[in-house]
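The chain contents come next:
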Amino acid sequence: MDRAVDAANLGVAAAGDLSVWGLFMNASLMVKLVMLGLVFCSVMVWAIIFDKIVTLRRINKQATAFEDRFWSGGSLDDLYESDGAKPVHPLAAVFGAAMGEWRRSARIPGVDLVRGGVKERVDRAIGITVTREMDRLRRWVIFLATVGPVAPFVGLFGTVWGIMHSFSAIAAMHNTNLSVVAPGISEALFATAIGLLTAVPSYVAYNVISNSLDLFQDRLEGFGTEFAAILSRQSEERA
């Protein structure tokens, strides 16, 4: 009887501390490790989300400003010297790669700009640059794609482990009073809650960011195609 009363009193005391910190401190070591891992992943997820949002806004703004200068009718050579030679954003990098290859080809003595394979080299330079720039922009996005589906299961593992630990403690106390069962179950379920709070933003952000990156890639490829056509026309005019 005394043991049952003591266990009930301990359960009431534990049940009274259902704060985030209390649930963490009262959890078993394995559940604590799961929680800490999920919190770390959540911090990483939000850092990546913030970085990608800022980066996408910046490069789209820079791309718009560059396209305004490109289509203003100014000299392509001057634009190459100011933006293409040392590009600071992806669209300028695509322009610089294509223009640089075309200029190097044009300086070859006796080269045929129309039939000398210049167009193929320019197209290849554009394609490689687009791929390189998009790989750089997509860095860490795979982390969002991984955390999204995995985090709930990691949290569930913490919950299962916590429930097993709670049942072992209940068996040792020989008491199934709700005040004894509830604290351990609450601590275990808290791991699943953290897993969901980590997974949902990651999954949503991955879809939104991936779509935005796909649209920006289309923008780069579209610009590259238009610029390659311009260089091809200039090559025919020089021939």
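Residues numbered from 1 in each chain as written. Predicted model: local features only at pLDDT ≥ 70, side-chain atom pairs only at ≥ 80, totals over all residues. Heavy atoms only, no water.

Secondary-structure assignment places G184 in helix α8 (residues 178–238). For the pair G184 and N26, spaced 158 residues apart in the sequence, the C-alpha separation amounts to 8.0 Å. (Helix = DSSP H or I, 4+ residues; strand = E, 2+ residues; numbered from the N terminus.)

Looking now at the UniProt feature "transmembrane region" (unreviewed entry) in the protein. Per the UniProt record, "transmembrane region" (unreviewed entry) is found at residues 29–50, 140–164 and 184–209. Structurally, residues 140–164 is divided into 96% helix and 0% strand, and its ends, taken at the C-alpha atoms, are 35 Å apart. Along residues 184–209, the helical share is 100% and the strand share 0%, with 38 Å between the first and last C-alpha atoms. (UniProt positions renumbered as here; feature names shortened; annotations may be inferred.)

Moving on, we get to the packing of helix α4 (residues 76–84) against helix α5 (residues 90–106). Where α4 contacts α5, the axes come no closer than 10 Å and their chain directions differ by 125°. Between α4 and α5, the interaxial angle falls into the category oblique. In the packing of α4 onto α5, the handedness of the crossing is left-handed. Between α4, through L76, D77, L79, Y80, E81, D83 and G84, and α5, the contact on the second element is made entirely by A92, F95, G96, M99, G100 and R103. Of the residues in the contact of α4 with α5, the class split is six nonpolar, three polar and four charged. (Axes fitted to C-alpha atoms, helices over the stretch in contact; angles between N-to-C directions. Parallel < 35°, antiparallel > 145°, perpendicular 65-115°, else oblique. Left-handed = near helix turned anticlockwise from the far one by under 90°. Contact = heavy atoms within 4.5 Å. Nonpolar A, V, L, I, M, F, W, Y, C, P; charged D, E, K, R; others polar.)

The next thing to look at is the nonpolar core. In this structure, M35, F66, F70, F95, F223 and F227 are the most contacted members of the largest nonpolar core, which totals 50 residues. No other element matches the 14 residues that α8 contributes to this core. F223 has contacts with F66, E67, F70, L91, V94 and F95, leaving out every residue within four places of it along the chain. (Core = buried A, V, L, I, M, F, W, Y, C linked by side-chain atoms within 4.5 Å. Buried < 20%, exposed > 50% of the residue type's maximum accessible area, 1.4 Å probe, protein only.)

A separate point is the packing of aromatic side chains. Within the structure shown, the criterion is met by 11 aromatic pairs. Where F223 meets F227, the ring centres are 6.0 Å apart and the plane angle is 15°; that geometry is what we call stacked. With a gap of four residues between them, F223 and F227 both fall in helix α8, about one helical turn apart. According to the relative accessible area criterion, F223 is buried, its value standing at 1%. One aromatic cluster is present, built from ring pairs that chain together F66, F70, W71, F95, F223 and F227. (Phe/Tyr/Trp six-rings, centres within 6.5 Å; stacked < 30°, edge-to-face > 60°.)

Taking 1.5 Å of rise per residue, the 17 residues of α5 would be expected to cover 24 Å, and the 24 Å separating its terminal C-alpha atoms lies within 8% of that figure. The element α5 is extensively covered by neighbouring structure, given that 15 of its 17 residues are classed as buried. (Expected span 1.5 Å × (residues − 1).)

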